[in-house]
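# Observations on the three-dimensional arrangement
The lines below spell out each chain.
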Amino acid sequence: MRDHAEKKIQQLIFDYPKVIDAKVLLDVEKDRHKAEIILHCANHIVIEADSTTANMYSSIDETIHKVARQMRKQKTK
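## So, the overall build of the protein chain
The helix and strand inventory of the protein chain stands at two helices and three strands. Secondary structure elements of the protein chain occur, N-terminal to C-terminal, as α-β-β-β-α. For the protein chain, the C-alpha radius of gyration of 12 Å lies close to 11 Å, the compact-globule estimate for 77 residues. For the protein chain, the C-alpha atoms occupy an extent of roughly 40 × 20 × 15 Å along the three principal directions. Looking at the protein chain alone, contacts between residues at least 24 apart form 34% of all its contacts between residues at least 6 apart. Here the protein chain contributes 14 positively and 12 negatively charged side chains, and the mean placements of these two sets differ by 7 Å.

Take a look at the structure:
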């Protein structure tokens, strides 16, 4: 699971090279799997996203999708 999250984050960093620090928080509460990603970028930009689903892999993928959308938004500003 850690490898899956690291590979997805590396793909994001390749698209947006101004990422300074990335944190991935994974949490399980009974049947809910929560993934949260916090990216610290240049120019004091902080991008945060989280999602909760029944499967941890789908939570990570959904959160990556949300982060990528926010990164594209920041990039076009």
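## Remarks on the sheet that holds strand β3 (residues 45-53)
Working definition: the strands of a sheet are paired by backbone hydrogen bonds and lie parallel or antiparallel to each other. Taken together, three strands build an open sheet; the order of strands is β1-β2-β3 and the sheet is antiparallel. The open sheet has two edge strands, β1 (19-29) and β3, and neither has a second partner. Looking at each pair of strands side by side, their axes are set apart by 10° on average, direction ignored. With ten bridges joining them, β1 and strand β2 (residues 32-41) adopt antiparallel strand pairing. Across the sheet, the residue bridging to valine 24 is isoleucine 37, located in β2.

## Concerning helix α2 (residues 56-75)
Helix length check: α2 (20 residues) gives 28 Å between terminal C-alpha atoms against 28 Å at 1.5 Å per residue, within 8%. For α2, the set of buried residues is Met56, Ser59, Ile60, Thr63, Ile64, Val67, Ala68 and Met71. In this structure, the buried side of α2 is in contact with α1 (2-15), β1, β2 and β3. Regarding α2, its N-cap is asparagine 55, as a side-chain oxygen of that residue lies 3.2 Å from the backbone nitrogen of tyrosine 57 further along.

## Side note on unusual backbone geometry
One non-glycine residue with positive phi stands out, namely lysine 30, at about 50°. One can find lysine 30 in the loop between β1 and β2. Note on lysine 30: relative accessible area 81%, which makes it exposed. Phi angles above zero are rare outside glycine, and histidine 44 is one such case at about 60°. By secondary structure assignment, the location of histidine 44 is in the loop between β2 and β3.

What counts and what doesn't
- Residues numbered from 1 in each chain as written.
- Predicted model: local features only at pLDDT ≥ 70, side-chain atom pairs only at ≥ 80, totals over all residues.
- Heavy atoms only, no water.
- Helix = DSSP H or I, 4+ residues; strand = E, 2+ residues; numbered from the N terminus.
- Rg over C-alpha atoms; globule rule 2.2 N^0.38 Å.
- Contact = heavy atoms within 4.5 Å.
- Lys, Arg positive; Asp, Glu negative; His and termini not counted.
- Charge placed at Lys NZ, Arg CZ, Asp CG, Glu CD.
- Pairing = 2+ DSSP bridges.
- Axes fitted to C-alpha atoms, helices over the stretch in contact; angles between N-to-C directions.
- Expected span 1.5 Å × (residues − 1).
- Buried < 20%, exposed > 50% of the residue type's maximum accessible area, 1.4 Å probe, protein only.
- Polar contact = N/O pair within 3.5 Å; in protein donor to acceptor, adjacent residues only side chain to side chain.

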